[in-house]
Each structure stands twice: as structure tokens, then as C-alpha cells.
Amino acid sequence: MKNILVIGATGQIGSELTMKLRGIYGNEHVVAGYIRGAEPKGILLESGPAEICDVTDGAAIDAVVKKYHIDTIYNLAALLSVVAENKPMLAWKIGIDGLWNILEIARENGCAVFTPSSIGSFGPETPRDQTPQDTTQRPRTIYGISKVTTELLSDWYFNKYGVDTRSVRFPGLISNVTPPGGGTTDYAVDIYYAAVKGQDFICPIAEGTYMDMMYMPDALNACVQLMEANPVRLAHRNGFNIASMSFEPGEIYREIQKHRPDFRMQYQVDALKQSIASSWPNSLDDTCARNEWDWNPTFNLESMTVDMLEKLSARLA
Ligand code: AKB
């Protein structure tokens with residue numbers, strides 16, 4: 001049985017991933033790592049162990065790893081793209097100095113490590129459509145620079161020390177549980193909340209701007225599936241392209257309108273978000289993930305929209 005530490009367990013991915021991992025490996029085998037001010041609550045707190053785990057405090061995390069005999073770390077600590085652009089030094093401190101801490105702890109304690117990369121690791125010179133797995137990565141954002149560094153540093157720890165590092169490049173993640181905070185793709189979550197609350201939606205991203213997106217259940221499956229994959233099949237390690245849908249704001253708006261005909265959206269483009277979105281690919285080619293660890297997403301825009309509206313309506317009622 002694995003013993004897993006999820007760092008960032010109360011965040012957008014962590015809050016759902018921790019519960020999924022507890023369902024698979026047993027509640028007592030999955031530690032929810034959080035920072036002060038983002039304490040776990042409810043079922044996340046009650047269903048299993050929780051410990052303060054600030055990635056900038058390596059000694060504290062090392063003690064948690066030893067206490068629970070951790071062999072797998074999901075390192076989800078990061079600032080999203082828009083926040084990172086406004087707080088670049090903090091983004092680096094958490095994303096890269098924090099990653100060094102985790103990788104060193106993993107090396108010393110024999111842990112496997114998953115640290116997400118992102119579509120933000122690409123830049124304006126990257127081929128925009130069906131972006132290949134191995135291609136130009138010259139991001140213009142500090143978020144992207146930290147994600148490319150994450151991929152390279154994780155690969156280096158594997159090649160140099162044999163640390164079992166693996167990761168995917170997440171697209172914009174859409175969930176009905178914990179909202180994201182400060183990402184470029186957040187509009188694709190916010191739009192559902194507006195529709196369910198009966199409010200008009202002001203879209204910060206321009207019409208015609210395509211980005212890859214994914215429903216959270218598929219993203220969680222990707223994490224588990226990749227970490228369970230047979231290492232012999234992995235020609236790549238860090239930064240697998242994964243994809244399930246690509247759309248522009250008008251397409252998600254019209255999809256929601258099929259279910260909520262009175263819903264209205266207007267554009268009020270945010271310059272920073274738009275400049276980031278315009279530098280990211282329209283769609284990724286995920287052939288390597290499909291071939292090397294059988295990646296196979298289940299949701300598309302239509303089925304995600306039905307599920308999002310149903311779950312959010314029940315929750316916000
Ligand atoms: C963001 O928008 O910053 C993230 C991402 C795509 O990495 N959702």
C-alpha cells in the first residue's frame with residue numbers, strides 16, 4: 001500500500017485529488033498537506049490525517065514524510081498564471097525553491113514525485129495547433145518559465161539520481177468543487193457559476209481565443225494513472241501533453257445557452273489575461289500520453305456542461 005502526501009491539499013486540484021486518493025489507497029494512507037490560512041475543513045479534515053506542509057519549509061516536510069513513511073508526493077503548491085505575473089518572486093519561491101525542497105526530500109527518502117506542469121509552459125513561438133509533445137518552449141510569463149524549469153529539474157532528478165518524477169501539462173481545469181484562483185483559464189469555471197446564479201457573465205478573454213480545457217474528473221484520473229503507469233513504458237517523464245477539449249469563449253457560452261436560454265455573456269477583455277491566453281497553444285497533441293500510459297479522457301464540452309450545471313445547481317440551490 002502506498003503512503004501519499006498531497007501538498008496543497010486544500011487547493012483546486014488538491015481538495016478533490018486527496019479524496020480520490022483516499023478512496024483508492026485508504027484514508028489513513030493519504031496525508032493532506034496544507035498551509036496556515038488554508039486549513040482543511042469538513043470531509044477533507046475528518047476523513048484522514050492532515051499536516052502543515054509549506055513547500056518553503058523543507059525540514060517540516062521532511063519530518064512529515066518520515067512520520068508517515070511517505071513514498072509518493074503530489075506537489076501541487078503553485079501560484080496560477082495571473083497571480084504569478086503580479087508576484088513573480090513569490091511564484092519562483094513556491095514553484096522552484098519549493099520544488100528543490102521536495103525533490104531533495106524525495107531523493108533522501110526514496111519517494112516518487114508528481115509536480116504539475118501546464119499549457120503555460122509554451123509560448124508564442126510554439127506551434128499553436130495540435131502542439132507536439134516535444135517542441136519549442138519559450139514562455140513569456142514567469143508562470144511558464146517556472147513550469148519549464150519544473151519539467152527540466154524534475155527530469156534532471158530522474159536522470160541524475162533516479163528519483164521517480166512524473167508529470168502532465170494541465171490545461172485549464174474546470175471543477176464544481178473548489179474554485180481556482182488567479183488563472184488565465186478561470187473564466188471557463190466562473191461562467192458556470194454565473195449561469196447557475198442567473199447572472200450575466202462578463203468574459204475577460206476575447207472571442208476566438210482557443211485554449212485547452214479539461215473537466216476535473218479526467219484531470220484526477222490523469223494524476224493517478226500516470227503515477228501507477230509501468231515505468232518501462234515511459235519514454236517521457238515530466239510534462240506529458242494531455243488534452244480532452246479545446247474551445248473559445250463563444251463556444252462554451254452557446255453550450256450553456258442550450259440548457260439556460262436566458263443566460264447572457266458580454267466581453268470586457270482583461271489585457272493581462274488576454275496577453276497570456278494569446279501566448280498559449282490552441283490545442284495540444286496528447287499522442288505520447290495515450291501511447292505511453294493509456295491516457296483516455298471521458299468528458300467533452302457537451303457532457304461536462306451537463307454535469308457542471310447539474311452539480312452546481314444542486315450545490316448553490
Ligand atoms: C492558469 O490559467 O494559470 C492555469 C493553467 C492553465 O495552468 N489554469
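Predicted, not measured: the structure shown is a model, and the values here were computed from it. (Residues numbered from 1 in each chain as written. Predicted model: local features only at pLDDT ≥ 70, side-chain atom pairs only at ≥ 80, totals over all residues. Heavy atoms only, no water.)

A. Expanded view of the domain arrangement of the protein chain. Here the protein chain is partitioned into domain 1 (4–170 + 216–241) and domain 2 (172–213 + 245–316). Look at where the C-alpha atoms of domain 1 and domain 2 centre, and you get two points 23 Å apart. Residue-level contacts link 42 residues of domain 1 with 37 residues of domain 2. Buried area between domain 1 and domain 2, both sides added, is near 3,400 Å², and the carbon and sulfur share of it is 58%. Summed over the shared surface of domain 1 and domain 2, the result is one salt bridge. Taken together, domain 1 and domain 2 are joined by 24 residue pairs in polar contact (both at pLDDT 80 or more). Elements that contribute at least two residues to the side of domain 1 that touches domain 2 include exactly helix 1 (14–25), helix 4 (81–86), strand 7 (165–170), helix 8 (216–228) and strand 11 (238–241). The element that contributes the greatest number of residues to the side of domain 1 that touches domain 2 is helix 8, accounting for seven residues. (Domains from an automatic or database assignment. Contact = heavy atoms within 4.5 Å. Buried area = accessible area lost by both parts, 1.4 Å probe. Salt bridge = Lys/Arg side-chain N within 4 Å of Asp/Glu carboxyl O. Polar contact = N/O pair within 3.5 Å; in protein donor to acceptor, adjacent residues only side chain to side chain. Helix = DSSP H or I, 4+ residues; strand = E, 2+ residues; numbered from the N terminus.)

B. Quick look at the side chain of D62. Here D62 lies in helix 3 (residues 58–67). A polar atom in the side chain of D62 sits 3.0 Å from the side chain of N109. Excluding its chain neighbours within four sequence positions, the residues that come into contact with D62 are I105 and N109.

C. Quick peek at the pattern of salt bridges. For the structure on display, the rule yields twelve salt bridges. Here K66 makes a salt bridge to D62, at a shortest N to O gap of 3.0 Å. Here K66 pairs with D62, and both are found in helix 3, just four residues apart, close to one helical turn. On the basis of relative accessibility, which here comes to 47%, the residue K66 falls in the partly exposed class. The exposure class of D62 is buried, given its relative accessible area of 19%. With a shortest N-O distance of 2.9 Å, R140 and E125 are connected by a salt bridge. Linking R140 in the loop between strand 6 (117–118) and helix 6 (142–161) with E125 in the loop between strand 6 and helix 6, this pair joins segments that are 15 residues apart in sequence. (Buried < 20%, exposed > 50% of the residue type's maximum accessible area, 1.4 Å probe, protein only.)

D. Here's a closer look at the site of the ligand. Every residue close to the ligand is listed here: L80, S81, S118, I119, Y143, P171, G172, G183, T184, T185 and W280. S81 places a polar side-chain atom, nitrogen or oxygen, 2.6 Å from an oxygen atom of the ligand. One nitrogen or oxygen atom from the side chain of S118 is found 2.6 Å from an oxygen atom belonging to the ligand. Bound to the protein, the ligand loses 94% of the 250 Å² it would expose on its own. In terms of residue class, the shell around the ligand is made up of five nonpolar, six polar and no charged. Inspection of the shell around the ligand shows a minimum of three residues originating in each of domain 1 (4–170 + 216–241) and domain 2 (172–213 + 245–316). (Near = heavy atom within 4 Å. Areas by Shrake-Rupley, 256 points an atom, 1.4 Å probe, with all protein chains shown as cover. Nonpolar A, V, L, I, M, F, W, Y, C, P; charged D, E, K, R; others polar.)

E. Structural context of the sheet that holds strand 12 (residues 245–247). A sheet is described by the order of its strands in space; here three strands give the open sequence 8-10-12, paired in mixed fashion. Two strands in the sheet have a free side with no partner beyond their single neighbour: strand 8 (172–174) and strand 12. Geometrically, the sheet is characterised by an average inter-axis angle of 40 degrees between neighbouring strands, direction not taken into account. In terms of strand pairing, strand 8 meets strand 10 (residues 211–215) through three bridges, oriented parallel. The partner of I174 across the bridge, within strand 10, is Y215. On the sheet, helix 12 (residues 301–316) packs against strand 8, strand 10 and strand 12 and is oriented at approximately 85 degrees with respect to strand 12. (Pairing = 2+ DSSP bridges. Axes fitted to C-alpha atoms, helices over the stretch in contact; angles between N-to-C directions.)

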